[in-house]
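So you can see what is in the structure, the chains are spelled out below.
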Amino acid sequence: MARRLAEVAYRVGVSEATVSRVLNGKPGVSDSTRQAVLTALDVLGYERPTQLRGVRARLVGLVLPELQNPIFPALAEVAGGALVQLGYTPVLCTRTAGGLTEAEYVAMLLDQHVSGVIFCGGLTEVEHAALLKRGVPVVLLNAAVDYAGFPRVSTDDTAAVRQAHAHLSAMGHTDIGLMVGPVHHMPSRRKVAAFTELTAASRGNHPVGHALFSFEGGQAVAAELLSAGVTALICGSDVLALGAIRAARRKGLAVPGDLSVVGYDDSAFMNYTDPPLTTLRQPIEAMSRAAVTLLANQISGENPTPQELLHEPELVVRNSTAPPPAAEIATARRA
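About the thresholds
Residues numbered from 1 in each chain as written. Predicted model: local features only at pLDDT ≥ 70, side-chain atom pairs only at ≥ 80, totals over all residues. Heavy atoms only, no water. Buried < 20%, exposed > 50% of the residue type's maximum accessible area, 1.4 Å probe, protein only. Helix = DSSP H or I, 4+ residues; strand = E, 2+ residues; numbered from the N terminus. Arc of directions from axis to C-beta. Contact = heavy atoms within 4.5 Å. Core = buried A, V, L, I, M, F, W, Y, C linked by side-chain atoms within 4.5 Å. Phe/Tyr/Trp six-rings, centres within 6.5 Å; stacked < 30°, edge-to-face > 60°. Lys NZ or Arg CZ within 6 Å of the ring centre and 35° of its normal. Pairing = 2+ DSSP bridges. Axes fitted to C-alpha atoms, helices over the stretch in contact; angles between N-to-C directions. Parallel < 35°, antiparallel > 145°, perpendicular 65-115°, else oblique. Left-handed = near helix turned anticlockwise from the far one by under 90°. Nonpolar A, V, L, I, M, F, W, Y, C, P; charged D, E, K, R; others polar.

Q: Just to check I follow, could you spell out helix α6 (residues 125–134) for this structure?
A: An α-helix turns once per 3.6 residues; consequently, residues spaced three or four apart project the same way. Buried within α6 are the following residues: Glu127, His128 and Leu131. In an axial view of α6, the angular spread of the buried residues amounts to 100°, which keeps them on one side of the axis. The exposed residues of α6 that point more than 90 degrees off its buried face are Glu125, Val126 and Lys133. In this structure, the buried side of α6 is in contact with α5 (102–111), β3 (116–119) and β4 (138–141). Two residues or fewer past α6, glycine 135 is found with a positive phi of approximately 70°.

Quick look at the structure:
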């Protein structure tokens, strides 16, 4: 019993005495704290006291496109913890090979009468229409869509590209390329638009490549961009950036001696790669908590915020960027 009290108290962020009052049906505890304690019991796998078993936990779907990209587990961890503190039970829905699709997860969540859904990724028109029809509160968290009717919380992709380009330009790079995700991916499209505007009147080569969000995808497309003679690459994710570093080394190029690489996300362990990766850090904590707050407000009956909440990224400079190589090296590489 003592262990259960301690674990639940730690999970919710309250004292063991507060947990004890909830479990024994004592007064002096707010409704939100009481619900958070009951939800924590469910999440940790403990049975509720007999007198409390009729109180159902409120469910919120967390729909992720994948777990291989570290950014999605990071978003889910913060959002899930914030939901539990508000008395909701997060239900993690992740698309996997041979598993349920996102559309099937949406149907399942609707069948379970969820209180709301947070999408950390794609959303089809069919899913969008179904959720709007049912009136389910929804928040899009860094989602690759631009549908009206749902609040959105995103990283400012335009600001991210501007920061990366300014950093590389200040080092003396003029041949700067951009590698992002698929052409239909909304954050990638925004990065391309910002990059095109920045480089429209500047000298040098500025090729743009679209890749699958994977190490292998980054390696393949980066090899093409290197053939165009770039001395620096801005990448749409840290995974793509690591693929670009592998592509450079397979061509016998050093990073950052011959090629500077900037990632995006600041995923876990990017400070320990070889070389440590310069990247744009997404404000995961602030974004996830903002998404949960917007969802909770909708569930409480407030009208959703019509504007998109854009969060400023932070340029984290490490050892994967440096001044460009000598002109003769760049010329030899184009040959």
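Text resumes after the structure shown.
Q: What am I meant to see in the nonpolar core here?
A: Side chains that are nonpolar tend, in soluble globular proteins, to be buried together. Grouped together as the largest cluster of nonpolar side chains are 24 residues, with contacts concentrated most on Leu75, Leu83, Ile118, Cys120, Leu141 and Val153. The set of elements that each furnish at least two residues to this core consists of β1 (58–64), α4 (71–85), β4 and α11 (284–299). Among residues more than four places away in sequence, those in contact with cysteine 120 are Val63, Leu64, Pro65, Phe72, Leu75 and Leu141. Of all hydrophobic cores here, the second largest spans 21 residues; its members include Leu226, Cys235, Val261 and Leu277.

Q: Just checking my understanding: could you explain the packing of aromatic side chains for this structure?
A: The relative placement of two aromatic rings is captured by the distance of their centres and the angle of their planes. Counted under the stated rule, the structure contains zero aromatic pairs. Above the plane of the ring of tyrosine 264 lies lysine 191, whose end atom (NZ or CZ) is 4.0 Å from the centre.

Q: Before we go on, may I ask you to explain the sheet that holds β3 in this structure?
A: Sheet strands associate in pairs through backbone hydrogen bonding, adopting either a parallel or an antiparallel arrangement. If you trace the six strands from one edge of the open sheet to the other, you get β2-β1-β3-β4-β5-β11, paired in parallel fashion. Two strands bound the open sheet, and with one partner strand each, they are β2 (88–94) and β11 (308–311). Each strand axis lies, on average, 20° off the axis of its neighbour in the sheet, ignoring direction. With four bridges joining them, strand β5 (residues 152–155) and β11 adopt parallel strand pairing. Paired with serine 154 across the two strands is leucine 310, which belongs to β11. Lying over the sheet, α11 contacts β1, β2, β3, β4, β5 and β11, oriented at roughly 170° with respect to β4.

Q: Explanation requested: the packing of α5 against α6 in the structure shown.
A: Packed helix pairs are specified by the crossing angle of their axes together with the interaxial distance, meaning the distance between the axes. Running from amino to carboxyl end, α5 crosses α6 at an angle of 10°, the nearest separation of the two axes being 10 Å. Accordingly, the angle class assigned to the pair α5 and α6 is roughly parallel. Regarding α5 and α6, the two cross each other, and that crossing is left-handed. Contact residues: Glu102, Ala103, Val106 and Leu110 in α5; Glu127, Leu131 and Arg134 in α6. For the contact of α5 with α6, the residue count by class is four nonpolar, no polar and three charged.

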